[in-house]
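Now for the letters of each chain:
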Amino acid sequence: MKRYLYMAMAGLILCSLGACGQGKSENMQSMNRIETEEGNFITWNGKKYVDYGVIDNEERGKQIGIVNGDKKDQIYEVKGHSTDQWLISFYHSGEMDNSILMKEEAVTEIPKDLQSVSEFE
């Protein structure tokens, strides 16, 4: 009886260890970055998101994707805003890591809490 109990416990431990080894990037959405003379944009779910301005890193919500398969090129939700209209792009280089606010190209009204973001020209 003890033998079965030990085998069951060993099986549970092995299953738990296997789950720990799974990286979070496996569940990330795949997005594409396109660079043109007019600027950068991200395409995702049939929408085009354009660079808007630099935003504080603290405004990043949950990471939802990676760009062009690069785990360092990360896309986040904007806290308190819909991903249908706003995303944050963050490239983790270890140097000057800034978060870039990106808006869906059709967005014309900027929410009050995002109006302080300096818009790129």
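Shown above is the structure to which this text applies.
Note that the structure is a prediction, hence the values are computed from the model and not measured.

K.L.:
Before we move on, could you go through the overall build of the protein and cite the residues and values that matter?
P.N.:
A count of helices and strands for the protein gives 1 helix and 7 strands. Looking at the protein as a whole, 30% of its 121 residues are labelled buried. A total accessible area of about 8,500 Å² is found for the protein, and carbon and sulfur atoms account for 50% of it.

K.L.:
Any details on the sheet that holds strand 6 (residues 86-91)? Residues and values, ideally.
P.N.:
Reading around the barrel, the 7 strands line up as 1-2-3-7-6-5-4 and close back on themselves, with mixed pairing between neighbours. When strand polarity is set aside, the average angle formed by the axes of neighbouring strands in this sheet is 40 degrees. Here strand 1 (residues 29-36) runs beside strand 2 (residues 39-44); their pairing, made up of 5 bridges, is antiparallel. Residue pairing across strands places Ile34 opposite Phe41, the latter belonging to strand 2.

Calculation rules
Residues numbered from 1 in each chain as written. Predicted model: local features only at pLDDT ≥ 70, side-chain atom pairs only at ≥ 80, totals over all residues. Heavy atoms only, no water. Helix = DSSP H or I, 4+ residues; strand = E, 2+ residues; numbered from the N terminus. Buried < 20%, exposed > 50% of the residue type's maximum accessible area, 1.4 Å probe, protein only. Areas by Shrake-Rupley, 256 points an atom, 1.4 Å probe, with all protein chains shown as cover. Pairing = 2+ DSSP bridges. Axes fitted to C-alpha atoms, helices over the stretch in contact; angles between N-to-C directions.

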